[in-house]
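A closer look at the structure
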Amino acid sequence: MSRTALDQHLEQHKPALPDSEYSIWEKVAIWAVLALIAVLLSGFVLANDVVWDEGLKPIIWDPVTKDAGVAGDAGYSPQNTAIYTGSMLVCVVILQALFRRADFPCDDRMTLALIAWVCLAPAMRVLEDADFFTQDMDVLFISPLIHLHLAAWLIGIAATSQWVAGQWDQATSDRDEAKVRRALMPILLIALLLHWGLLYQPAYLEHEEMGMFWVLTGIIASFAVLIGIMLKTQHWPAITRGMLAFGSAAVVMGVAHWAQFLATPWEQESARVLETTPIWPLFVVLGIPAVVCVFLYRMGIEDLRQLKLSGFEAGVLPEGVQLDAWDDAGDLVNSHPVGLLSKKGLLATPMVLAMVYGQLCDGFATMVGIDSFGYGEKHPVSNEVIKLGGRLNESIGIEFGEGAWLFTLVKAVLIGTIVWLFAEMKVEHRQRHLRLLIVLAVLIVGLAPGLRDIGRLTLGV
């Protein structure tokens, strides 16, 4: 009876905009960005010395080239941090509108595919830290260029997958599945070989002393991973399975080069020498977040299963329902599956688990790297937090470390707050892409640097 009352209440309110329509704020954002791009392009042509030489180049490009040099690890400034953060937020707003209108998949499968690409960035960034890539290519693996560079690969793989095999997305027969494999798998394998040939192969000539056992093993394993994922993801949307298969295979290829460095270290420009391979940080940085995620998964998996059986998505309102109408319903929504099961169910979703794991991984990696291995912090805000932790250490008489424990604590509080907000928050059906891209942004600033830090600790670079 309460469900009937809720349905009657919702029918009295104006429905949400269709997914194919932009809201007024989305239109403003899109046109504002187009205007900004036009202004910048005009500035580059008409006043290049002011806009680029004296403006953006010292803030954005010079730190990238410095980071790619022998010294490496150029710090971030408040100016470029603000530019990168603002750009990321604007991209989230605009891209979610474009993806929604294009009807791109937005589910747990797509979340897993995007996680694979987030992991690819640190897999390759650590190799740049180890001076693997040629000097001409170093800048491609420095933030933020590495994210733009890999975004180009992602877009290419996604577009190709959809173009080649998207016509069979709604098919469920084994015959159509065979057509997808015959059409898509060879192209992905060729793209992976091209990825290796363009990015990795040129560096071998500069590292004649390095062995090739783990490199060749990794290449074979990456091809096997790509084929295996294609076989295990039958009847998935072509764009999702293409992204997941290629991204996962590329990660395997990158990590194989880590193993080759551990086996036969090549000479580095900075003259650093790998003396030891610390293993215990892996248990701290990767193990503790994993335990937390297992706990959250067990808390929410039953509610998530019940929610999926009822035909709804955790935290997502029924299609066409506005947030205002849902909120105005009061206690009527408590008996609806979305209102009843979402809070705990969200804890077991890949997006929440990935955010928790990434932020905790980043926090523990920073603490271990700075307090135990003498690394430094590049980001100005994070560095101020660590300095405050150092002052707290001095005030209470702690002599160990630089105070990075406070950064880890702040990260834990931050992700706890984010998880609480996700559990309490409900989004309209048309806002699912926005939620997914917010998660992606959190992963880029959490999981990616955390995995890079633990990679550097393990390789000693």
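Refer to the structure presented above.
Description of the structure in this document. Since we're looking at a predicted model, the values are computed, not measured.

1. Regarding the overall build of the protein
Per the secondary structure count, the protein includes 17 helices and 0 strands. Whereas a compact globule of 461 residues would reach a radius of gyration of roughly 23 Å, the protein reaches 24 Å, a difference of no more than 12%. Counting the 461 residues in the protein, one finds 47% classified as buried. Long-range pairs, those at least 24 residues apart, make up 80% of the contacts in the protein with a sequence separation of at least 6. Surface summary for the protein: the accessible area is close to 22600 Å², and the carbon and sulfur share equals 66%. Each charge class in the protein was averaged separately, 31 positive and 47 negative side chains, and the resulting centres sit 8 Å apart.

2. Quick look at the packing of aromatic side chains
Considering all chains together, one arrives at 13 aromatic pairs under this definition. Seen from their ring centres, Phe-99 and Phe-104 are 5.2 Å apart, and the 35° between their planes marks the pair as tilted. Residue class for Phe-99 comes out partly exposed when judged on its relative accessible area of 27%. An aromatic cluster of at least three residues, connected via ring pairs, comprises Phe-132, Phe-133, Phe-141, Trp-196, Tyr-200, Tyr-204, Phe-261 and Trp-266. Note that Arg-101 overlies the ring of Tyr-22, its terminal NZ or CZ placed 4.8 Å from the centroid.

3. Description of the nonpolar core
In this structure, Phe-132, Tyr-200, Leu-226, Met-243 and Met-355 are the most contacted members of the largest nonpolar core, which totals 100 residues. Here Phe-132 is in contact with Leu-127, Tyr-200, Ala-203, Tyr-204, His-207, Met-210, His-257 and Trp-266, once residues within four sequence places are set aside. With 9 residues, the next largest nonpolar core counts Leu-317, Val-321, Trp-326 and Ala-329 among its residues.

4. Looking at the packing of helix H9 (residues 213-232) against helix H10 (residues 238-263)
Their axes nearest at 8 Å, the elements H9 and H10 cross at an angle of 160°. Taken together, the axes of H9 and H10 are roughly antiparallel relative to one another. The two elements H9 and H10 cross, and the hand of that crossing is right-handed. Of the residues that constitute the contact of H9 with H10, the class distribution is 17 nonpolar, 5 polar and 1 charged.

5. Remarks on the pattern of salt bridges
Within the structure shown, the criterion is met by 16 salt bridges. Two residues, Arg-452 and Asp-129, come together in a salt bridge whose shortest N-O distance is 2.8 Å. Linking Arg-452 in helix H17 (residues 432-459) with Asp-129 in helix H5 (residues 108-129), this pair joins segments that are 323 residues apart in sequence. Since its relative accessible area comes to 12%, Arg-452 is described here as buried.

6. Focus on unusual backbone geometry
Omega for the peptide link from Ser-143 to Pro-144 comes to 5°, which places this bond in the cis form. Even without being glycine, Asp-103 reaches a positive phi, approximately 60°. You can see Asp-103 is positioned in the loop between helix H4 (78-101) and H5. Take Asp-103: its relative accessible area is 60%, and that puts it in the exposed class. You will see that His-235, though not glycine, has its phi angle at about 70°, which is positive. Mapped onto the secondary structure, His-235 falls in the loop between H9 and H10.

7. Section: a nonpolar patch on the surface
Together, Leu-388, Leu-392, Trp-405, Leu-409 and Val-413 make up a nonpolar patch on the protein surface, roughly 410 Å² of accessible area in all. Put simply, the parts of the chain that give the nonpolar patch at least two residues each are helix H15 (380-396) and helix H16 (405-424). For the nonpolar patch, the element with the highest residue contribution is H16, accounting for 3 residues. Tracing the backbone shows Leu-392 in helix H15.

8. Remarks on the side chain of Ser-222
Along the chain, Ser-222 falls in helix H9. A distance of 2.7 Å separates a polar side-chain atom of Ser-222 from the backbone oxygen of Ile-219. Once you skip the residues sitting within four places of it in the chain, Ser-222 turns out to touch Leu-192, Ala-249, Val-252 and Met-253.

Calculation notes
Residues numbered from 1 in each chain as written. Predicted model: local features only at pLDDT ≥ 70, side-chain atom pairs only at ≥ 80, totals over all residues. Heavy atoms only, no water. Helix = DSSP H or I, 4+ residues; strand = E, 2+ residues; numbered from the N terminus. Rg over C-alpha atoms; globule rule 2.2 N^0.38 Å. Buried < 20%, exposed > 50% of the residue type's maximum accessible area, 1.4 Å probe, protein only. Contact = heavy atoms within 4.5 Å. Areas by Shrake-Rupley, 256 points an atom, 1.4 Å probe, with all protein chains shown as cover. Lys, Arg positive; Asp, Glu negative; His and termini not counted. Charge placed at Lys NZ, Arg CZ, Asp CG, Glu CD. Phe/Tyr/Trp six-rings, centres within 6.5 Å; stacked < 30°, edge-to-face > 60°. Lys NZ or Arg CZ within 6 Å of the ring centre and 35° of its normal. Core = buried A, V, L, I, M, F, W, Y, C linked by side-chain atoms within 4.5 Å. Axes fitted to C-alpha atoms, helices over the stretch in contact; angles between N-to-C directions. Parallel < 35°, antiparallel > 145°, perpendicular 65-115°, else oblique. Left-handed = near helix turned anticlockwise from the far one by under 90°. Nonpolar A, V, L, I, M, F, W, Y, C, P; charged D, E, K, R; others polar. Salt bridge = Lys/Arg side-chain N within 4 Å of Asp/Glu carboxyl O. Patch = residues over 30% accessible without salt bridge, like charges linked within 9 Å, V, L, I, M, F, W, Y side chains within 5 Å. Polar contact = N/O pair within 3.5 Å; in protein donor to acceptor, adjacent residues only side chain to side chain.

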